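Residue-level listing of the chains:
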Amino acid sequence: MSRTLWVLGNFKQNLLHAQVLDHLQALAPATAALRNTHSSLRVGIAPSFVSVQAARAQVPSEPNPVQVLAQNVAAQEQGAYTGEVSAPMLKAVGCDLAIIGHSERRTLFGESDATVAEKVAQCAQAGLGIVLCVGESLAQREAQTHVEVVTQQLKAALARFPQDSEVPLILAYEPVWAIGTGRSATPQQAQEMHAHLREELTRLDPQRGSGRSILYGGSVKPGNAAELLAAGNQIDGFLVGGASLDPTSFTAIAQAASEHLSQ
Ligand code: PGA
């Protein structure tokens, strides 16, 4: 089964609103050209909440050369939760997908597997696409528990995702020790974990698991994108942090994905 290849940029707490729109203005034409060549390639950006609506409005929804993502979403549908932004709110302003369970949310903001699962349930209910992040810490990898840790994160999150849901769900494997460190997983390490995640996804969801995209994230750059994509056809694109902030380097990563599809 051929799967969609995604190149997604997570801006984190970077770029002011005008900078997001400038970035998008540079990115959209380049991306539209790549998408004209490969309809199974999708590019997206996750700016801060304050720029989601305007970013969505700036790119035409058809053919939608750039998807707009939220970096986070509330675990509750509505109510007295000061500072939270719900899945229906994001959906209502045209947001395409929400990133859930990013390691910075898990480690810096104390999000547990249970919270991540609630967020998955909220998105599924609101019809908002999901980019679910899983990944082990350096200590966990050194202790050789990485496979177990990541499997548990996946199982816990999918427990709240209805099997018959039509909501897009993308998985992102992001080893914590590779995020923002300049030290990417080797193609072999990524390939091994992706193969395992593919097996688990298919076991947990026999109908759709094999068709879901599994992205890699952690120090992806124009210089290592091609070799990661070549790793046994297991990696269906990237979730990019630092290198996504510059439209030129982000476009170069999307270009590598396009070239991979041409091979
Ligand atoms: P990085 O971040 O590309 O800067 O390592 C990846 C991520 O956090 O998604």
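Residues numbered from 1 in each chain as written. Predicted model: local features only at pLDDT ≥ 70, side-chain atom pairs only at ≥ 80, totals over all residues. Heavy atoms only, no water.

Caption draft 1: Representation of the overall build of the chain within the structure. Counting its regular elements, the chain contains ten helices and eight strands. The C-alpha atoms of the chain give 17 Å as radius of gyration, which agrees with the globular expectation for 263 residues (18 Å, within 12%). The long-range fraction of contacts in the chain, counting pairs at least 24 apart against all pairs at least 6 apart in sequence, stands at 73%. As displayed, the chain has an accessible area near 11,300 Å², and 51% of this comes from carbon and sulfur atoms. Separation between the mean location of the 18 positive side-chain charges and that of the 23 negative ones in the chain comes to 2 Å. (Helix = DSSP H or I, 4+ residues; strand = E, 2+ residues; numbered from the N terminus. Rg over C-alpha atoms; globule rule 2.2 N^0.38 Å. Contact = heavy atoms within 4.5 Å. Areas by Shrake-Rupley, 256 points an atom, 1.4 Å probe, with all protein chains shown as cover. Lys, Arg positive; Asp, Glu negative; His and termini not counted. Charge placed at Lys NZ, Arg CZ, Asp CG, Glu CD.)

Caption draft 2: Layout of the site of the ligand. By nearness alone, every residue bordering the ligand is listed as Lys12, His102, Glu174, Ala178, Ile179, Gly180, Gly218, Ser219, Leu239, Val240, Gly241 and Gly242. The contact in question runs from an oxygen atom of the ligand to an N or O atom on the backbone of Gly180, over 2.6 Å. Protein contacts shield 95% of the accessible area of the ligand, which totals 280 Å² for the unbound molecule. Of the residues assigned to the shell around the ligand, the class counts are four nonpolar, six polar and two charged. (Near = heavy atom within 4 Å. Polar contact = N/O pair within 3.5 Å; in protein donor to acceptor, adjacent residues only side chain to side chain. Nonpolar A, V, L, I, M, F, W, Y, C, P; charged D, E, K, R; others polar.)

Caption draft 3: Representation of the pairing of strand β6 (residues 169-173). The element β6 is extensively covered by neighbouring structure, given that five of its five residues are classed as buried. Taken together, the five bridges between strand β5 (residues 129-134) and β6 define a ladder with parallel strand orientation. Counted as the bridge partner of Val134 is Tyr173 from β6. Relative to strand β7 (residues 214-217), β6 runs parallel, the two sharing three bridges. Considered in β7, the bridge of Leu171 is made with Ile214. (Buried < 20%, exposed > 50% of the residue type's maximum accessible area, 1.4 Å probe, protein only. Pairing = 2+ DSSP bridges.)

Caption draft 4: Main features of the nonpolar core. Ile130, Leu197, Tyr216 and Phe238 are the most contacted members of the largest nonpolar core, which totals 64 residues. Filtering out sequence-adjacent residues up to four positions away, Tyr216 remains in contact with Tyr173, Pro175, Ala178, Ser184, Ala185, Ala190, His194, Leu228, Ile235, Gly237, Phe238 and Leu239. With twelve residues, the next largest nonpolar core counts Trp6, Cys133, Ile170 and Leu239 among its residues. (Core = buried A, V, L, I, M, F, W, Y, C linked by side-chain atoms within 4.5 Å.)

Caption draft 5: Local environment of the packing of aromatic side chains. All told, the structure shown has one aromatic pair when counted by the stated rule. For Arg105, the ring lying beneath its charged end belongs to Phe109, and the centroid distance is 4.1 Å. (Phe/Tyr/Trp six-rings, centres within 6.5 Å; stacked < 30°, edge-to-face > 60°. Lys NZ or Arg CZ within 6 Å of the ring centre and 35° of its normal.)

Caption draft 6: Structural context of the side chain of Asp236. Counting through the fold element by element, Asp236 comes out in the loop between α9 (222-229) and β8 (237-240). At 3.0 Å, the side chain of Asp236 and the side chain of Arg3 are in polar contact. Here Arg198 takes part through its side chain, which lies 3.0 Å from a polar atom of the side chain of Asp236. With residues near it in sequence (within four places) discarded, Asp236 still touches Arg3, Thr4, Leu5, Trp6, Arg198, Arg212, Ser213, Ile214 and Leu215.

Caption draft 7: Inspection of the sheet that holds β5 at higher detail. Read once around its circumference, the closed barrel built from eight strands follows the order β1-β2-β3-β4-β5-β6-β7-β8, with strand pairing classed as parallel. For this sheet, the mean inter-axis angle between neighbouring strands, taken without regard to orientation, is 25°. Relative to strand β2 (residues 41-46), strand β1 (residues 5-10) runs parallel, the two being bridged by six bridges. Its bridge partner being in β2, Val7 is matched across the sheet by Val43. (Axes fitted to C-alpha atoms, helices over the stretch in contact; angles between N-to-C directions.)

Caption draft 8: Representation of the pattern of salt bridges. Inspection of the entire model under this criterion finds twelve salt bridges. Among the salt bridges present, the one from Asp236 reaches Arg3, with a minimum N-O distance of 3.0 Å. With Asp236 in the loop between α9 and β8 and Arg3 in the segment before β1, this pair connects stretches of sequence that are 233 residues apart. Through salt bridges with shared partners, a single ionic network connects Arg3, Arg198 and Asp236. (Salt bridge = Lys/Arg side-chain N within 4 Å of Asp/Glu carboxyl O.)

Caption draft 9: Structural detail: the environment of Cys133. Secondary-structure assignment places Cys133 in strand β5. With 24 residues separating them in the primary sequence, Cys133 and Ala157 have C-alpha atoms 9.7 Å apart. With residues up to four places along the chain from it excluded, the contact list for Cys133 reads Ile99, Ile100, Gly101, His102, Arg106, Ala172, Glu174 and Leu239.

Caption draft 10: View of helix α7 (residues 146-158). With 13 residues, α7 should cover 18 Å at 1.5 Å per step; its first-to-last C-alpha distance of 18 Å lies within 8% of that length. All buried positions along α7 are accounted for by His146, Val149, Val150, Thr151, Gln153, Leu154, Ala156, Ala157 and Leu158. Buried residues along α7 sit against α4 (103-108), α5 (113-126), β5, α6 (138-142), β6 and α8 (187-204). (Expected span 1.5 Å × (residues − 1).)

Taken by themselves, the reported measurements are silent on function.
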